[in-house]
Amino acid sequence: MVIVPSLKETARRFKESFGDGVTIDGPLASSGAGLRIEGLDLAENLNPQQVECLIDTLAYYRIICIPNQTQPRFDLNHLERFANHWGAPIPHPSNFLRDGKPAQGDWASEGELQFIPLEERAIQSVNKTFPGQLQVLDHTSPAVLIVSNFRGTLDTKTPKPTKVLRVARGGSWHTDIEYEPEPLTVSMFLVHKMPINRESPSRTWVHDPELVEPHIGPYFEGSSELLMKRRKNLPLNGETAFVDTAAAYDALDKKQQQILDRTHVRRRLNTGDTGWLAPLVRTHPRSEIKSLHSPIWASRPRVRPPIEIDGMNAQDSRLFLDEIETHILKSEFRYDHIHQTGDVTIWDNHMTLHNSPPMQINIKSIADARLLYRISVKGTPSLTLPREDHPDWLAKHVTNSYKTDNELLTNQ
Ligand SMILES: [Fe+2]
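Residues numbered from 1 in each chain as written. Predicted model: local features only at pLDDT ≥ 70, side-chain atom pairs only at ≥ 80, totals over all residues. Heavy atoms only, no water.

Asks: Help me out: how do you make sense of the packing of helix 2 (residues 48-61) against helix 3 (residues 76-86) in this one?
Replies: Geometry of a packed helix pair, given as the angle between the helix axes and the separation of the axes. With their axes 10 Å apart at the nearest point, helix 2 and helix 3 run at an angle of 70° to one another. Considering the angle they form, helix 2 stands roughly perpendicular to helix 3. Helix 2 and helix 3 meet at a crossing whose hand is right-handed. Facing Val 51, Leu 54, Ile 55 and Leu 58 of helix 2, the residues of helix 3 in contact are Phe 82, His 85 and Trp 86. Taken together, the residues of the contact of helix 2 with helix 3 break down into 6 nonpolar, 1 polar and no charged. (Axes fitted to C-alpha atoms, helices over the stretch in contact; angles between N-to-C directions. Helix = DSSP H or I, 4+ residues; strand = E, 2+ residues; numbered from the N terminus. Parallel < 35°, antiparallel > 145°, perpendicular 65-115°, else oblique. Left-handed = near helix turned anticlockwise from the far one by under 90°. Contact = heavy atoms within 4.5 Å. Nonpolar A, V, L, I, M, F, W, Y, C, P; charged D, E, K, R; others polar.)

As structure tokens, this is what we get:
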């Protein structure tokens, strides 16, 4: 049985590593996941003791939030340097093309890879929405994913038809880039701006779109009503919805755990591929906590093929996985994380799932703007920088063998 370090013990370790100014609040989730750690300055270089303290804490608590990393002191270069401690940052597929096609939809292609120049990335349309008021933080790195609910112009001089403000439904439950042979380990958000309007009929930022017009999307038809209800139960103030798959695994009886421990899933990049087998249960190498890694039949409907359980046909695989999804989406394993400007929120992708909430898009008011930056990593943590990933490993698992510029790691 895993003994999780108590809050008191964790706080003692942080004070020893970072000084007496650190305070710890948590757990944030009723499942026991999540800590808020105040009093850290991530613009500073971290020493190995500090890095290890953070990495161990995530290994036990699955999600950690470090507030008050605000501009101009803290920028996206600091975030990428910090990310390097957790693993090798990966260029996000929205920032490059393969064979001239969007990379997210065509990973199997051996075609030529081309990074999208900054002037053609989504950043440009985001920046045109509220000129002079809200601009994406400066960066050039292809590892930065911009997460925003606005990508248009409000310039009245431009004779373009105005898009209609509407509420977009939440996404599907997933972990980030689970579909590669070497899946991501850790992702992190830096929060720039969150919506503050609460003018919907339910006094939330958005009115639940499922109440207005129940809808199956983005899911495939054919899941049980209970599962659909749990999937669609999403926060309405722009929070990120999480599931704690370590707590969900822990709540199963021994026999169920033993079955899942032996279960492998076949993942494929594209329909018709042979694919490869991946364990459904992973054991964290530091905490030895067991968790379910992306136990979702179709976490990216119409983008990646549904997964299959090794030894089962497609239909039985769906039934098996839908049962697990119904279990993990129970309220006791759910946690809606409220974002605040300046938060750096880090989550373990092997021990959690998450989902984007319903949100207003084509917004006209800056009070409705939701803007975050994400960097994700894979591989093992590194207490010191620069990282020393083996070139063969990088070539195999990180697009274009991307590495953060050494200058960014040492020159701040
Ligand atoms: Fe995601």
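Still more ground to cover, so stick around.
Asks: Just checking my understanding: could you explain the sheet that holds strand 16 (residues 308-309) for this structure?
Replies: The strands making up a sheet associate through backbone hydrogen bonding, with each pair oriented either parallel or antiparallel. Read from one edge of the open sheet, 3 strands run 13-12-16, paired in antiparallel fashion. With partners counted over all chains shown, the strands left at the sheet margins are strand 13 (276-279) and strand 16, one partner each. When strand 12 (residues 264-267) meets strand 16, the two strands line up antiparallel, connected through 2 bridges. Residue Arg 266 lies in a different strand from strand 16, and its bridge partner there is Glu 308. (Pairing = 2+ DSSP bridges.)

Asks: Help me understand the pairing of strand 12, please; the structure alone is not making it clear to me.
Replies: Walk down a regular strand and you will see the side chains alternate between the two sheet faces. Only one face of strand 12 is covered, namely the one carrying Val 265 and Arg 267; the face carrying His 264 and Arg 266 has none of its residues buried. Note: strand 12 against strand 13, 4 bridges, orientation antiparallel. Following the sheet pairing, Val 265 is matched in strand 13 by Ala 278. (Buried < 20%, exposed > 50% of the residue type's maximum accessible area, 1.4 Å probe, protein only.)

Asks: What am I meant to see in the pattern of salt bridges here?
Replies: Once their charged atoms are close, side chains differing in charge can pair, the charge on each being opposite to the other. On inspection of all chains with the given rule, the structure shows 22 salt bridges. The partner of Arg 374 in a salt bridge is Asp 176, and the shortest N-O contact between them spans 3.2 Å. Here Arg 374 is found in strand 21 (residues 371-378), whereas its partner Asp 176 is found in the loop between strand 9 (166-168) and strand 10 (186-193), with 198 residues between them in sequence. Judged on exposure class, the residue Arg 374 and its partner Asp 176 are both buried. A salt bridge links Glu 210 to Lys 232, with the shortest nitrogen-to-oxygen separation between them at 3.2 Å. With a gap of 22 residues between them, Glu 210 in helix 5 (residues 209-212) and Lys 232 in the loop between helix 6 (225-231) and strand 11 (240-244) connect regions that are remote in the sequence. Overlapping salt bridges bring together Arg 13, Glu 52, Asp 56 and Arg 286 as one network. (Salt bridge = Lys/Arg side-chain N within 4 Å of Asp/Glu carboxyl O.)

Asks: Sorry, what's going on with the nonpolar core here?
Replies: Leu 54, Phe 82, Trp 86 and Ile 346 are the most contacted members of the largest nonpolar core, which totals 60 residues. The biggest single contributor to this core is helix 2, with 7 residues. Look past the residues within four positions of Ile 346 in its chain and what remains in contact with it is Leu 58, Arg 62, Ile 63, Ile 64, Ile 66, Phe 82, Trp 86, Val 186, Ser 187 and Met 188. By size, the runner-up hydrophobic cluster in this structure holds 28 residues, among which are Tyr 249, Leu 260, Leu 280 and Phe 333. (Core = buried A, V, L, I, M, F, W, Y, C linked by side-chain atoms within 4.5 Å.)

Asks: Honestly, helix 9 (residues 314-328) in this entry has me stumped. Any pointers?
Replies: Counting along an α-helix, one turn takes 3.6 residues, and residues three or four places apart therefore face a common direction. With 15 residues, helix 9 extends 21 Å from end C-alpha to end C-alpha; this agrees with the ideal 21 Å at 1.5 Å per step. For helix 9, the full list of buried residues reads Ser 317, Arg 318, Leu 321, Asp 322, Ile 324, Glu 325, Thr 326, His 327 and Ile 328. The distance from a side-chain oxygen at the start of helix 9 to the backbone nitrogen of Gln 315 is 3.2 Å, and the residue carrying that oxygen is Asn 313. (Expected span 1.5 Å × (residues − 1). Polar contact = N/O pair within 3.5 Å; in protein donor to acceptor, adjacent residues only side chain to side chain.)

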